[in-house]
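# Residue-level structural notes
One letter stands for each residue in the lines below.
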Amino acid sequence: MSADFLFLSIIEVSKVCNRKDAMHPAASGVPAHQLSATRLLSSPDPSRHHLEDPPDVFPFSEEYPTEVRNGAIRWGSRFGPAHRPPAGVLECFRICRSRLDQYLARRKIERGVRLYGQNEQRLAVKVWLSALRGVRHRSDKFALLGHLYQAYMDFGKYRESLEFANRQLGISEELDSAPMRAEAYLNLARAHQTLGGLDRALSYARHALYNDCGGGSTAGCVHLTVAAVSLELGAFSKAMDGFQKALAVAQAQNDNTLLLQVYVGLSELWRRLRDTERAVACAARACDLGRGPRSTDLNTRHHRTALLQMAAALRARGELGDAHDYCNEALRLAAVAGDQGCYARAMRIAGDVYRRKCDYGKALRHYEVAMGAGQSLGDRLAQMEAMDGAARCLEALRLQGRICNCRPLEFNTRLLEVATSVGSKMLVRRVRLRLADIYTALGDNNAAARQRRAAGAWAAPACARCREPLAERAEPLASLPCAHIVHHACMPESWSRRSTRSSGGAECAECASPRAPRAPPPAPPAPRSLPSQVDFPFGTPPTLRESDLNSVLSDHSSQQATSSV
């Protein structure tokens, strides 16, 4: 009833306004300064006011139909035909309400962006979620879902971010927009990469490249994702090619955030190839970008990532004190921001530092915390890395004779299953060689031979000129402009002067070898939503036995002797 009377009041006010406009002095055609007070106060015109005619009286009726037909209220005989609102009034009110909601939603989105830039991530997410209910335009909703996706990725809530990416893909299909589709595929690739689906992540990233990325920072992020996934799969040349393309885009667009991520990825690539000097140099550049005067547009998440990469590179070079300091700083920032994914990786790197110090008790405790945090987040990569660190601790204890062969055998078997399901070929090879040594110690030569043959199925990375294996020992390496990796001693003089690809292509054995034509990319996998609770891929992650920890802590004198050596 209140809405009906509101409409009637608006109509009556409009009629009164029309009457006043008709009685305005300017409407009579006489200038205002020539009008007398008598004319202004003249009596009402009886022709305009039908005083003699009886007014139209409509009988009162208790029946007031309130049903709605075709989105409009049917007006009954209670108010009469003269009070019927003009056609389209209700629709006009609906349009005004929709535009008001859209305006308020845009203001909330802008406010959330400002809050997020001021490191008020949780308040920004709260504002964005309230704006999600009022946004009407598809393009604005797509951008809002992108903000929410990034925020949940920063929080370590990868399953929820995957849902936002799926909704983005649906909107891009409705609008048939290639740049939107590329961004949605990119977000899906990054989420699946963290959740351990490397094959799906690579497929989504390739289809993001297949669509029109616009040539901006989106294309650089896609190349960066392809490089990161290729690095996990053990394809170092493809990873280097992706990093080089992403670096070119970052420098062309002057994108400091993308440039920082590229340096972090390059540092991880050189660290895995055991070129610690280049790894530390790239990590230092990333940290400088996070701390320098151009860091105003960087999110603290990237700064935490740079700190963790610097800690990992310093640990690989043997500077354990500085590595521990960088790791503690990253842990502090992760606790302030609530970044659970960064917390899990920081605990894993701290465990690596303690393992290098031969403090296996603290190392195992840190690895166990990292495995639990990775399981709660669904971050299978963090789980796998923490399990690998714990397996190395158990292997060191086995070689020292402080534990038997059974526990390392069980733990490495479980790790082999996880690494195989994720697709980390380099880790699979390392675990199989470790299992071969355990089987040899147990006297099972047949099982050891099977593990060594399986490990030899994956070819280790080799130099593009001398064909000698890489990453066998710590040595300086170099990358060619064709993205292939060689020993620094094998670097020809023409390449060292940054010559073009065509001038020295014959000196690269990989480029000189014939290659099969590249097949077109397969159809993208259908987006899927993960369940709310994702268990460990092969059951509950193995917990470290209390007897193992007690045996480590009880033999403190032996530990000190080993660390001194």
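This text follows the structure it describes.
Okay, so let's go over this structure. (Residues numbered from 1 in each chain as written. Predicted model: local features only at pLDDT ≥ 70, side-chain atom pairs only at ≥ 80, totals over all residues. Heavy atoms only, no water.)

### Quick look at the pattern of salt bridges
Here the structure, examined in full by the defined rule, presents 24 salt bridges. E268 is paired through a salt bridge with R271; the nearest N and O atoms lie 2.7 Å apart. Within this pair, E268 and its partner R271 are both found in helix α11 (residues 256-272), separated by three residues, close to a single helical turn. Residue R271 is classed as buried on the basis of its relative accessible area, which comes to 19%. Here R317 and E319 are joined by a salt bridge, their closest N and O atoms 2.6 Å apart. Given a relative accessible area of 28%, E319 falls into the partly exposed group. Connected through shared salt-bridge partners, E232, E268, R271 and R272 make up one network. (Salt bridge = Lys/Arg side-chain N within 4 Å of Asp/Glu carboxyl O. Helix = DSSP H or I, 4+ residues; strand = E, 2+ residues; numbered from the N terminus. Buried < 20%, exposed > 50% of the residue type's maximum accessible area, 1.4 Å probe, protein only.)

### Quick look at the nonpolar core
Counting 143 residues, the largest nonpolar core has L269, W270 and L273 as its most contacted members. Of all the elements, helix α17 (residues 380-399) adds the most residues to this core, at ten residues. Discounting residues that sit within four places of it in the chain, L269 has contacts with L231, F236, A239, M240, F243 and I485. (Core = buried A, V, L, I, M, F, W, Y, C linked by side-chain atoms within 4.5 Å. Contact = heavy atoms within 4.5 Å.)

### Structural notes on unusual backbone geometry
Of note in this structure, R274 is not a glycine but carries a positive phi near 70 degrees. Within the secondary structure, R274 is located in the loop between α11 and α12 (276-291). Here the phi dihedral of C358 falls at roughly 65 degrees; this positive angle occurs in a residue that is not glycine. Within the secondary structure, C358 is located in the loop between α15 (340-356) and α16 (360-377). C358 sits in the buried class, given a relative accessible area of 14%.

Any functional reading would require information that these geometric values do not contain.
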